[in-house]
Amino acid sequence: MDNCGIGRLSLEGDFYKIFFALFGINFLINLGFSMSDSFLSIYFNELGATAFLIGVSASSYQISKIFFGWFMGHTLLRFGSRAVLLTSIITFGTVFLLMTVFSDVYAVVALRILLGFACAAFRPVLYGILNCELDHVGLPKGSIFGSFDTSYYLSLAFGPLAGGLLKEKFGFTFLFAVSCILCLIAMAVYLFFISKNTSKHIDMEETYYCKRSKSEAFFYFFIAGKSVMLACFLIYFPLYLTNELNMNTFHVGMLLSIPSVVMVLMLKTMGRLADNVPYDTLVLSGGLISSVIFQFLPFTHSFAVAFLLVGIYGFSGAVSQPASMLMLLRDNEDNIACVIGRVNSVMGLSFALGALLCSLLTVYLSIRATIISTSIISLFFMIIFTVSVIERKKH
């Protein structure tokens, strides 16, 4: 039984056809998503939504992503990778298409729930296929996963910029239409390069049970720490830059994009490093560096210093990203799709709780104190994760 869901590949050339197809699909879907999602609050504001409904929209998306992500690995095993990937792409395209038609706030909130399902399905199936095909060709996984992740961070780097330009020139309807077209292109790539390979459904009785290892459970602390920091970085660090340092929107946007740009530049190199250096060390180093650097962000007083610090913050993410995947693969080689589904759920839940925590802290403390408190909380999670890794090595 072929657990990949697509045919076994015997040649590296055939593998790279699948790799670049998945790379393109990942880039196109995430580009369309980041173009639209970056300006969602502005879109809701134009529709006349209250602040409460804007919060409900953001929460409904996260809750949907968390809920479906926890079960998505099992869904992949049940229906096969091709069916799940195709369903996810179609769902993305359908949501963007309907957003060009509907202008009702409640309809858009419902579409956000559907979008959460699409996001929950998309990442696990991509990595499930890629990991399974890597097992057949024997290429170094760290380098491959590092290269593959650049497709995601490229979309994050260019999505907000492209979305902002399209919105300013043509409006939201045209922006959503372009996102839908990107999904159609992704579907064409799927039809030409993925669906032509042999596919077999996977029976749950004949596959590995989606068990949870100890290393995965402790890895949740790492994910929680990173997600809480990310929520603070995306929501409250821009407020600090504008309110405290009086930076304009262009400089704020540039600083927010720097981590993604650094990730794109460094992921392939860090992936190669993860193939030759103990990846536990890389994950720990990246996590601890990001927590420490984050504490210095609210003490920046110039664009140049902020630029340097967010660059280091992005570098720390590149150090840990490919190694994190290899760490998960170590004990979950045969059920990586299930693991990624659960990790995505923990990530979404941590991000949502982190945003809530930051909002509460901001009410009673300053934005600077909120950023510092968030970094301390993240560092606490990283220390727990570090202790768990040290204890594991002892045994």
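One numbering rule holds for all chains: residues counted from 1, following each sequence as written. A pLDDT threshold of at least 70 governs which residues receive local features in this predicted model, and a stricter bar of 80 or more applies before side-chain atom pairs are shown or counted, although totals over entire chains, interfaces and linings include all residues. Side-chain descriptors were evaluated using all non-hydrogen atoms of the structure, hydrogens and water having been removed beforehand.

Caption draft 1: Spatial organisation of the packing of aromatic side chains. The criterion for an aromatic pair is that two Phe, Tyr or Trp rings (for Trp, the six-membered ring) have centres within 6.5 Å, with stacked assigned to planes under 30 degrees apart, edge-to-face to planes over 60 apart and tilted to the rest. Considering all chains together, one arrives at 21 aromatic pairs under this definition. Between Tyr-152 and Tyr-153 the ring centres are 5.0 Å apart and the planes differ by 80 degrees, which places this aromatic pair in the edge-to-face class. With relative accessibility at 13%, the residue Tyr-153 sits in the buried group. Judged by centre distance (6.4 Å) and plane angle (15 degrees), the rings of Phe-237 and Tyr-240 are stacked. Placement of both Phe-237 and Tyr-240 in helix 9 (residues 237–243) is noted, with a separation of three residues, approximately one turn of the helix. The pair Phe-237 / Tyr-240 is uniform in exposure class, with both members buried. Grouped by ring-pair contacts, the aromatic residues Tyr-16, Phe-19, Phe-20, Phe-23, Tyr-127 and Phe-148 constitute a single cluster. Geometry around Tyr-61 places Arg-112 over its ring, the cationic atom sitting 4.6 Å from the centre. Each residue is assigned to one of three classes by its accessible area relative to the maximum for its type, calculated with a 1.4 Å probe on protein chains only: buried under 20%, partly exposed between the two thresholds, exposed over 50%. Numbering of helices and strands runs from the N terminus, with a helix taken as a DSSP run of H or I at least four residues long and a strand as a DSSP run of E at least two residues long. Any Lys NZ or Arg CZ found within 6 Å of a ring centre and within 35 degrees of that ring's normal is scored as a charge over the ring.

Caption draft 2: Local environment of the nonpolar core. Residue types Ala, Val, Leu, Ile, Met, Phe, Trp, Tyr and Cys, when buried and joined through side-chain atoms within 4.5 Å, form a set referred to as a nonpolar core. By size, the foremost hydrophobic cluster in this structure holds 85 residues, and its most contacted members are Leu-22, Ile-25, Leu-85, Phe-92 and Leu-130. For this core, the element with the most residues is helix 5 (residues 105–137), which contributes 16 residues. Contact between two residues is taken to exist if any of their heavy atoms lie within 4.5 Å; hydrogens are not considered. Discounting residues that sit within four places of it in the chain, Leu-22 has contacts with Leu-85, Leu-126, Ile-129, Leu-130, Phe-148 and Ile-194. Of all hydrophobic cores here, the second largest spans 22 residues; its members include Phe-237, Tyr-240, Leu-255 and Ile-258.

Caption draft 3: Structural context of the packing of helix 5 against helix 6 (residues 141–170). Only the stretch in contact is used when a helix axis is fitted, and all axes are lines through C-alpha atoms; the angle between N-to-C directions ranges over 0 to 180 degrees. Contact geometry of helix 5 with helix 6 gives a least axis separation of 11 Å together with a crossing angle of 150 degrees. Between helix 5 and helix 6, the angle is such that the two are roughly antiparallel. Read as a crossing pair, helix 5 and helix 6 show a hand that is right-handed. Contacts between helix 5 and helix 6 pair Leu-126, Tyr-127, Leu-130, Asn-131, Leu-134 and Asp-135 from the former with Lys-141, Ile-144, Phe-145, Phe-148 and Asp-149 from the latter. In the scheme used here, Gly and all other residues not listed as nonpolar or charged are polar, with Ala, Val, Leu, Ile, Met, Phe, Trp, Tyr, Cys and Pro taken as nonpolar and Asp, Glu, Lys and Arg as charged. Of the residues contributing to the contact of helix 5 with helix 6, the split by class is seven nonpolar, one polar and three charged. Each angle gets one of four labels, with under 35 degrees taken as roughly parallel, over 145 as roughly antiparallel, 65 to 115 as roughly perpendicular, and the rest as oblique. By definition, turning the near helix anticlockwise from the far helix through less than a right angle yields a left-handed crossing, and turning it clockwise yields a right-handed one.

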